[in-house]
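# Notes for the structure review
Chain residues, written in single-letter form:
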Amino acid sequence: MPVQLLDGRVVLSHPKGSSVELLLFGATVTSWKTGSQRNTEPTERLFLSSRAVLDGSKPVRGGIPIVFPCFGPPIHPEHSRLPQHGFARSEPWKFDSVVMDNDAGVSVRLTLGPTSSIAAKYDRPFHLAYVLTLAEHQLSTDLHVTNTSTAPDNLEFQALFHNYILSPVDQVLISPLQNVRYYDKTAVTEEERNSAKVESRSGVDIRKFTDSVYEDAPQKYNVTWPGGGLEIKTNALKDVVIWNPQKDAGSRMADMEHAGWERFVCVEPGFVRGFVEVEPGKTWIGQQVLSVVQDEKRLT
């Protein structure tokens, strides 16, 4: 069956062999397996820590968590009672429907609206729909955010897809980010963290603790390593975050497997510098499309 509901999980299967799994908790994708034109054997493309907690008690360490309505510690007055990265990744979503099921791909929709748990910390009216589409060598994630308010108040929020891409971190390069303005969140002082830098590297490597927020980025990225890679295309997600904790920070995370930081890089498209503003009755859609790199695109 192309779509299966299995004890709090949704499994999508493509006739050519690719598959994706996501939890209803947090609408978190936990696995995406697909082959390539050179090697048709389905291969895992996402990192999921072997110590990740999957019982719904905390956000999942790995896969593709959804960040909404705030990125990092909340800075908007309406988000003051929220935890870091908001609530979307730590609330149970509802399976809504199968959107598409044909030879081109299979697609499902999950939804989330105000609940008593959310209302206790966030009192803005909203509706979220998450559409996940699996093709032979491609995975699309679309977040629809609707302002359901009847008052003349814009809904202001941040949103991001926290992709954990399975890769050899000491060999990975992310491009093209050269000449893009960014903020280094690993800097020692607050003044340094809030001071923009300009990326000088043609390919961004991960040789140390990295937590960089690129503003007004190209919205198309190549994440490559010898023999493999992914391409990420986005729409309405003007920023991208590059993150890897390395040993110093990663070893202090209870849900990070031993040396797990050596096996992934997070390339996270989002709208996190400033806020999206949506008028009452309107919907904003942020989209990313992950594709397997079919040809060697390694920078020299």
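Per chain, residues are indexed from 1 in the order of the written sequence. Two thresholds apply to this predicted model, a pLDDT of at least 70 for residue-level local features and 80 or more for giving and counting side-chain atom pairs, whereas whole-chain, interface and lining totals are computed over all residues. Neither water nor hydrogens contribute to the side-chain values; these are computed over all heavy atoms in the structure.

### Considering the overall build of the protein
- Scanning the protein from N- to C-terminus turns up three helices and 22 strands.
- Its C-alpha atoms give the protein a radius of gyration of 19 Å, within 12% of the compact-globule value 19 Å for 300 residues.
- Dimensions of the protein, computed from the C-alpha atoms along their principal axes, are close to 55 × 55 × 35 Å.
- Here's how the labels work: a residue is buried when its accessible area is under 20% of the maximum for its type, exposed when over 50%, partly exposed in between, all with a 1.4 Å probe on protein chains only. When each of the 300 residues of the protein is scored for burial, the buried share is 55%.
- We call two residues contacting when some pair of their heavy atoms lies within 4.5 Å. Within the protein, contacts between residues separated by at least 24 positions form 66% of all contacts whose residues are at least 6 apart in sequence.
- Averaged over its 31 positive side-chain charges, the protein has a centre that lies 3 Å from the centre of its 36 negative ones. For helices the rule is a DSSP run of H or I covering at least 4 residues; for strands it is a run of E covering at least 2, with both sets numbered from the N terminus onward. Only C-alpha atoms enter the radius of gyration; for comparison, a globular chain is expected to reach 2.2 Å times N to the power 0.38, where N is the number of residues. Only four residue types enter the charge count: Lys and Arg as positive, Asp and Glu as negative, with His and the chain ends excluded. Where a charge lies is defined by one atom per residue type: Lys uses NZ, Arg uses CZ, Asp uses CG and Glu uses CD.

### Observations regarding the environment of Thr-141
- Among the secondary structure elements, Thr-141 is positioned in strand E10 (residues 138-146).
- Residue Thr-141 is classed as buried on the basis of its relative accessible area of 0%.
- Taking the C-alpha atoms as reference points, Thr-141 and Leu-290, 149 residues apart in sequence, are found 8.5 Å from one another.
- Sequence-distant contacts of Thr-141, that is, excluding residues within four places in its chain, are made with Tyr-130, Val-131, Leu-132, Phe-161, Gly-286, Gln-287 and Gln-288.

### Details of the pairing of strand E3 (residues 19-23)
- Among the five residues in E3, four count as buried, and that is most of the element.
- The loop that links strand E2 (residues 9-13) with its antiparallel partner E3 comprises five residues; one of these, Gly-17, has a positive phi angle of about 110°.
- The pairing criterion for strands is at least two bridges between them, as found by DSSP. With four bridges connecting them, E3 and strand E4 (residues 29-34) associate as antiparallel partners. Paired with Val-20 across the bridge in E4 is Trp-32.
- From the end of E3 to the start of E4, which pair antiparallel, there are five residues, and Gly-26 there has a positive phi angle of about 75°.

### Structural notes on the state of the cysteines
- For the purposes of this analysis, a disulfide is any pair of cysteine sulfur atoms at a distance within 2.5 Å. All told, the structure shown has zero disulfides when counted by the stated rule.
- Cysteine Cys-70 shares no disulfide, and the gap to the nearest cysteine sulfur, in Cys-266, comes to 17 Å.
- Using a relative accessible area of 1% as the deciding quantity, one classes Cys-70 as buried.

### Some thoughts on unusual backbone geometry
- A cis amide bond links Phe-68 with the next residue in sequence, Pro-69, at an omega value of 0°.
- Residue position: Pro-69 is located in the loop between strand E6 (66-67) and strand E7 (94-101).
- For the bond from Ser-175 to Pro-176, the omega torsion is -5°, close enough to zero to count as cis.
- With respect to the helices and strands, Pro-176 occurs in the loop between strand E13 (173-175) and strand E14 (181-184).
- We note that Ala-236 has phi near 70°; this positive angle belongs to a residue other than glycine.
- With respect to the helices, strands and loops of the structure, Ala-236 is situated in the loop between strand E19 (228-235) and strand E20 (239-244).
- Of the residues examined, Ala-236 reaches a relative accessible area of 27% and is grouped as partly exposed.

### Considering the sheet that holds strand E5 (residues 43-44)
- Overall, antiparallel pairing links the five strands, which are arranged E1-E2-E3-E4-E5 in an open sheet. If you trace the sheet from one side to the other, it starts and ends with strand E1 (3-6) and E5, each paired once.
- Where E2 meets E3, five bridges bridge the pair, whose relative direction is antiparallel. Within E3, the residue paired with Val-11 across the bridge is Glu-21.

### Observations regarding the pattern of salt bridges
- In what follows, salt bridge is the name for a side-chain nitrogen of Lys or Arg lying within 4 Å of a carboxyl oxygen of Asp or Glu. By the definition in use, this model includes 19 salt bridges.
- Linking Arg-9 and Glu-21 is a salt bridge whose minimum nitrogen-to-oxygen distance equals 3.0 Å. Of this pair, Arg-9 sits in strand E2 while Glu-21 sits in strand E3, and the two are twelve residues apart along the sequence.
- Between Arg-181 and Asp-216 there is a salt bridge whose closest N-O contact spans 3.5 Å. On the criterion of sequence distance, the pair formed by Arg-181 in strand E14 and Asp-216 in the loop between strand E17 (210-214) and strand E18 (220-225) is long-range, its members being 35 residues apart.
- For Asp-216, a relative accessible area of 47% corresponds to the partly exposed category.

### Describing the environment of Ala-129
- Summarising the element assignment, Ala-129 is placed in strand E9 (residues 127-134).
- For the pair Ala-129 and Thr-146, spaced 17 residues apart in the sequence, the C-alpha separation amounts to 8.4 Å.
- When neighbours within four sequence positions are excluded, Ala-129 is seen to be in contact with Trp-93, Arg-109, Leu-110, Thr-111, Asp-142, Leu-143 and His-144.

Everything listed here is a matter of geometry and, on its own, says nothing about what the molecule does.
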